[in-house]
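Architecture and fold: a report
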Amino acid sequence: MTSRQSLGAVRSSFAPWADPTATPLVRFEAVTKRFGAETAVKSVSLDIYEREFFALLGPSGCGKTTLMRMLAGFETPDEGRVTLEGQDLAGLPPHQRPLHMMFQSYALFPHLSVERNIAFGLQRQGLAKAEISDRVAEMLALVRLEGLARRKPDQLSGGQRQRVALARALAPRPKVLLLDEPLGALDRKLREETQFELMALQQRLGMTFLVVTHDQEEAMVMADRIAVMRAGEIVQTGPPPEVYEAPNCRYVADFIGEVNLFEGQVETADGRLVRLSSPVCPQGLEAAEDDPLPKSAAAWFAVRPEKMVLHPTPPPPGPNLMQGKVADIGYLGDWTTYVVEVAGGQTVRAARANAARVVENPVDWGDTVWLTFARDAAVVLSR
Amino acid sequence: MKRRSLAAIAPYLWLLAFFLFPFLLVAKLSLSDQALAMPPYAPRLDLAAGVAGIASFLKALDLETYLRLASDRLYLVSYLSSLKFAAVGTVILLLIGYPMAYGMSRFPPAGRQALLMAVILPFWTSFLIRIYAWVAILKPQGLLNAALQGLGLPALSILNTETAVYLGLVYAYLPFMVLPLYAVLERQDPSLMEAAADLGASPLQAFWRVTFPISMPGVAAGALLCFIPMVGEFVIPDLLGGPGTLTLGRTLWTEFFANRDWPAASAVAIVMLVTLVAPLVFLQRRASTLAAAS
Ligand SMILES: Nc1ncnc2c1ncn2[C@@H]1O[C@H](COP(=O)(O)OP(=O)(O)OP(=O)(O)O)[C@@H](O)[C@H]1O
Ligand SMILES: [Mg+2]
C-alpha cells in the first residue's frame, strides 16, 4: 500500500510533456507506413519522454503494432523519421537498438525452457552467469512462474506464455520497453496485480514503457499519457483524466469509457455558455464552454453516465432536463446503471452509486423518470 | 470398432508381408550353404516329408557363412569403406543441402514452389540414366575435360576415383537432404528471428541459437534418409568408382551374381541391417518420441 501511495506522489508531479525545454526520448516525426495500397500509419507525430509510461489505445487494425515495429526496427517508415535520444534510428538494425519488444504473438523460442528464454537477452548482453541466474529468478518471481522454470513453451497455458514473453522482454532492462498487449491473456485479478507491479518496476528501474492495449481501463490505470488511435492516425494524446474528461471528439469520448451523446444545433454561444436546441430536451441543452461556436452549427454534448442525475419525481423545469422510461437496469454491486429511453427513441445511461444498502427511491423497469445534468458536466464537441 | 482395429493392424500386415517375411527369407538363406544346384543353396525345405523334413532342414542350418565373413578381411574392408562413403557423403550433403534449404525457405512464397519443383525435377528421369550421364561427363574424353580443354586448362581424371563416387552420391541424394530440411525451415515462425534480433542477437547468433537448433529434427531426418541408402549403394560406386572401389553393395552384388554365393550375399545384407540400419532407425524413433514427450 505504501509503495502505491508514494508511486502516486511521484506520478502526480511527473509531466515532462508540459515542459517546453524537456527533450523527448523517443520521437516519431510525421511517420507514415504503407502496406501496398493500405496506409497502416498516417503521418503520426508522437513524443515519448524518459521514464514515461505511455499507452497506445485503439481498435483492432488501427496501426498500433505497426507503429511499435517501426520503433523496434522491423518496419521502415515510408515517410518521416523515428529518433531515440535525438539520434535518427534509420538504418540501425533491430539487434543494435537499445529497446526491447514484447511481441503480441509472444514469439517464445520453442526449443528453450522458460528460464533460458528469459536468459536469452541477458546472455546477449554478456552478463556473468551468476547475475543472469539472479535476474532470471527475479523475473520468474515477478511473473509468478517460479515453479515452471524448466518447462518448454508448448507446456504452458496461454496466460503463462504471455508472462514468459513479458519476463523475457523485461529481463535485460532496456531503456525503452515496447509491450504489445502485455496482459491481454491474464485473468482479472492477476492482470490488476501485474499492472501495479509493472508500474512499480518501471519506477524503480527508471524505464520508459510504450504499451499497446485494447483495454481502456488498463491504460487509465497504468499510463502517464494515453494516445488514442483511429485508422492509422492519433486522434488525441493526453493524461488519462484529460482524455476522459476532455475528449476532443465524439470518437474519443465514445472509445474511452461510456458516454451519452446529445446532438443539437447551436442556438447561442457567447464564450461562456453554449445553448443547443435538441429534440430530447424541450427546454434546450446548456453547457459551460469558453470556445465560441458558429450559430446553427451541429454540436454534441458528451455526458458520462455517472454525471447524469436520475430523478424518480419531476424536478423543477429548466435546461438539461429530459423525461423517459426505464428500459433496463444493470446492477453492478457498487453501481447501478439505468438505461432510460427518452424522446426520439434515444437511450441514455445514468449511473448511480449504491451508497446505502437499501435504495430509498426504488426505480423499476418501465417507470417514468427524469434525467438532468449540470452545466459543467457536459463536454461540448463540434466533431 | 472393427474398422478401427483393421486400420490399426494394416501397417503391421504391410510390414509383415513386405519386410519381415523377406527378412526371414534372407536370414534363412544366410544360414544355408552354397550348393551347385538351382537355386544354388542347400538345404531345401521338403514339406512333403512332414515334421521330419522340417527338423532335418533346421538341423542343416548353421552359422558357417558368418564365420567366413568374419575371417575374410575383404568383407570388413568393404564394410568400413561403405561406412566412410556414407558418413562423408552425409556431411557434404548437409553442408550443401542446409544452405540450399535455408535459401529456399527465405524466398518469396511464389518463387519457393518453382525452386521446390527444380529440386524434385531430376526424379523424373531414371536414376540409372542420370548416373550414366555422369560417366559421360567425367570420362577422360568427356564433357568436363572438353570444357577444360576449351578454356586451356589441364584435363582432370576423375572417373573411377573416390571423388567421382562422392560426386555421384551428393548429386543423387541431394533432394533427400534438402526436402526434410526445407520442410522444417519453412515452417519456422519468422517472428522468432525478430524476437532474437530484438533481444540483441546478431543475424549469425540468431541463426545458431534459434534457427539451427529448431531445425535439428530436419537435420536428423535428412541425414538418416541419405546415410542408410548410401551405405548399401551399389550403382554409384560401381559406375563411377571403378573396379578399385570396394563397398558393401558391390561385394554383395559380386557374391550374388558373380560367385553365385547366395548365402554369403544374404549374410552381408543381414550384417548391414542388424549392425547399422536397425540401431539407427531405433535411435531415431526414440529421439522423436522423446522430443514429442518433452
Ligand atoms: N506485414 C503486413 N502486410 C500487409 N498489411 C499489414 C502488415 N502488417 C500490418 N498490416 C495492416 O496494417 C494495419 C495495421 O495493423 P497493426 O498490426 O498495426 O494493427 P493493430 O492496431 O496492432 O491491431 P490489433 O489490435 O488487432 O493488434 C492492418 O490493417 C493490417 O492489416
Ligand atoms: Mg497489434
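Residues numbered from 1 in each chain as written. Chains lettered and ligands numbered in written order. Predicted model: local features only at pLDDT ≥ 70, side-chain atom pairs only at ≥ 80, totals over all residues. Heavy atoms only, no water.

**A few points about the interface of chain B and chain A**
Using the following cut-off: For this analysis, residues touch if any pair of their heavy atoms sits within 4.5 Å. Here the quantity called buried area is the accessible surface, traced with a 1.4 Å probe, that two parts lose on coming together, added over both. The working definition used for a salt bridge is a side-chain nitrogen of Lys or Arg within 4 Å of a carboxyl oxygen of Asp or Glu. Whenever two N or O atoms come within 3.5 Å, that pair is a polar contact, provided that in protein one can donate a hydrogen and the other can accept it, and provided that, for residues adjacent in sequence, both atoms are side-chain atoms.
Listed by partner, the interface residues are 18 residues for chain B and 23 residues for chain A. Carbon and sulfur atoms supply 64% of the area that chain B and chain A bury against each other, a total of about 1800 Å² over both sides. Contact with chain A buries surface across chain B, with Glu-194, Asp-198 and Leu-199 of chain B losing the most and accounting together for 39% of the total. Linking chain B to chain A there are 1 salt bridge. One salt bridge connects Glu-194 of chain B with Arg-69 of chain A, and the closest N-O pair in it is separated by 2.7 Å. Taken together, the links from chain B to chain A amount to 5 residue pairs in polar contact (both at pLDDT 80 or more).

**Structural notes on the coordination of the magnesium ion (ligand 2)**
All names here are of chain A. We apply this condition: Each metal site is built from N, O and S donor atoms within 2.8 Å (3.2 Å for Na, K and Ca), and since water is not included, such sites may look incomplete. Strands are runs of DSSP state E lasting at least two residues, helices are runs of H or I lasting at least four, and both sets are numbered from the N terminus onward. Burial classes: relative accessible area under 20% of the type maximum marks a residue as buried, over 50% as exposed, and values in between as partly exposed (1.4 Å probe, protein chains only).
For the magnesium ion (ligand 2), the full set of protein donor atoms is Thr-65 (OG1) and Gln-104 (OE1), at a range of 1.9 to 2.3 Å. Here the residue Thr-65 occupies a position in helix 2 (residues 64-72), and Gln-104 occupies one in the loop between strand 6 (99-102) and helix 3 (114-124), the gap between them amounting to 39 residues. We classify Thr-65 as partly exposed; its relative accessible area is 24%.

**Description of the domain arrangement of chain A**
Residues and elements named next belong to chain A. The line we're drawing: Residue ranges assigned to the domains are those given by an automatic or database domain assignment. Charged residues are taken to be Asp, Glu, Lys and Arg, nonpolar residues to be Ala, Val, Leu, Ile, Met, Phe, Trp, Tyr, Cys and Pro, and polar residues to be all remaining types, Gly included.
Segmenting chain A into domains produces domain 1 (4-98 + 174-250) and domain 2 (258-381). A separation of 34 Å is found between the C-alpha centroids of domain 1 and domain 2. Summed over both sides, the interface between domain 1 and domain 2 buries roughly 680 Å², with carbon and sulfur atoms accounting for 55% of that surface. The interface formed by domain 1 and domain 2 includes 1 salt bridge. With a closest N to O distance of 3.0 Å, Lys-307 and Glu-245 form a salt bridge. Viewed at the interface, domain 2 and domain 1 are joined by 3 residue pairs in polar contact (both at pLDDT 80 or more). Considering each element in turn, the side of domain 1 that touches domain 2 owes the most residues, 3 residues, to helix 8 (residues 240-245). Along the lines of polarity and charge, the residues of the side of domain 1 that touches domain 2 split into 4 nonpolar, 1 polar and 2 charged.

**Here we look at a nonpolar patch on the surface**
Residue and element names in this part refer to chain B. Convention followed: For patch building, the residue pool is restricted to those with more than 30% relative accessible area and no salt bridge; the joining distance is 9 Å between like charges and 5 Å between nonpolar side chains (Val, Leu, Ile, Met, Phe, Trp, Tyr). For the accessible areas, the method is Shrake-Rupley and the probe is 1.4 Å, while residue cover comes only from the protein chains on display.
On the surface, a cluster of nonpolar side chains totalling about 1200 Å² of accessible area is made up of Leu-6, Ile-9, Tyr-12, Leu-13, Trp-14, Leu-15, Leu-16, Phe-18, Phe-19, Leu-20 and Leu-24. Topologically, Trp-14 is positioned in helix 1 (residues 2-30). Under the relative-accessibility criterion, Trp-14 is labelled exposed at 58%.

**Points about the sheet that holds strand 12 (residues 273-278) of chain A**
Residues and elements named next belong to chain A. Which entries qualify depends on this criterion: By definition, two strands form a pair when at least two bridges between them are found by DSSP. Axis definition: a line fit to C-alpha positions, over the contact stretch in the case of helices; interaxial angles, taken between N-to-C directions, run 0 to 180 degrees.
Taken together, the 5 strands give an open sheet; going across it, the order is 13-12-11-14-20, and neighbouring strands pair in antiparallel fashion. Strand pairing shows two members of the sheet lacking a second neighbour, strand 13 (281-288) and strand 20 (379-381), which therefore form its edges. Neighbour-to-neighbour, the strand axes of the sheet open up by a mean angle of 45 degrees, direction not taken into account.

**Here we look at the site of ligand 1**
Residues and elements named next belong to chain A. Rule in force here: Any residue with a heavy atom lying within 4 Å of a molecule or strand is counted as near it.
For ligand 1, the full set of nearby residues is Phe-35, Glu-38, Ala-40, Ser-60, Gly-61, Cys-62, Gly-63, Lys-64, Thr-65, Thr-66, Gln-104 and His-214. In the environment of ligand 1, an oxygen atom lies 3.2 Å from a nitrogen or oxygen atom belonging to the backbone of Cys-62. Gln-104 places a polar side-chain atom, nitrogen or oxygen, 2.8 Å from an oxygen atom of ligand 1. Across the complex, the protein chains shield 64% of the 630 Å² of accessible surface that ligand 1 would expose by itself. If one sorts the elements of the shell around ligand 1 by residue count, helix 2 sits on top with 3 residues. Looking at side-chain class alone, the shell around ligand 1 contains 3 nonpolar, 7 polar and 2 charged residues.

**Things to note about the confidence of the model for chain B**
Stated precisely, the cut-off is as follows: What pLDDT expresses is the predictor's confidence in each residue, scored from 0 to 100.
Per-chain confidence: chain B averages 87 in pLDDT, with 97% of residues scoring 70 or above. This prediction of the complex comes with two scores: 0.79 for pTM and 0.78 for ipTM.

**Details of helix 5 (residues 109-120) of chain B**
Residues and elements named next belong to chain B. For clarity, the threshold we go by: Each residue after the first adds 1.5 Å to the expected span of a helix. The arc in question is the one spanned by the directions pointing from the helix axis to the C-beta atoms.
Taking 1.5 Å of rise per residue, the 12 residues of helix 5 would be expected to cover 16 Å, and the 17 Å separating its terminal C-alpha atoms lies within 8% of that figure. Of the residues making up helix 5, those classed as buried are Gly-111, Arg-112, Leu-116 and Val-119. Taken around the axis of helix 5, the buried residues stretch over an arc of 140 degrees, which confines them to a single face. Residues of helix 5 that are exposed and point more than 90 degrees away from the buried face comprise Ala-110, Gln-113 and Ala-114.

**Observations regarding the packing of aromatic side chains**
Put simply, the rule reads: A pair of Phe, Tyr and Trp rings is counted when the ring centres sit within 6.5 Å of each other, with Trp represented by its six-membered ring. The angle between the planes then sorts it: under 30 degrees is stacked, over 60 is edge-to-face, the rest tilted. We count a charge as sitting over a ring when the NZ of a lysine or the CZ of an arginine lies within 6 Å of the ring centre and within 35 degrees of the ring normal.
Scanning all chains against the criterion turns up 22 aromatic pairs over all chains. Geometrically, the ring pair formed by Trp-253 of chain B and Phe-257 of chain B is tilted, given 4.4 Å between the ring centres and 40 degrees between the ring planes. Pair noted here: Trp-253 of chain B and Phe-257 of chain B are both in helix 13 (residues 248-258), with a separation of 4 residues, about one helical turn. A residue is classified by how much of its surface remains accessible, and Trp-253 of chain B, at 42% relative accessible area, is partly exposed. Here the aromatic rings of Phe-256 of chain B and Trp-262 of chain B are separated by 4.7 Å at their centres, their planes lie at 10 degrees, and the arrangement is stacked. Each member of the aromatic cluster is reached from another via a ring pair, and the members are Tyr-41, Phe-234, Trp-253, Phe-256, Phe-257 and Trp-262 of chain B. Positioned above the aromatic ring of Trp-300 of chain A, the side-chain terminus of Arg-250 of chain A is 3.6 Å from the ring centre.

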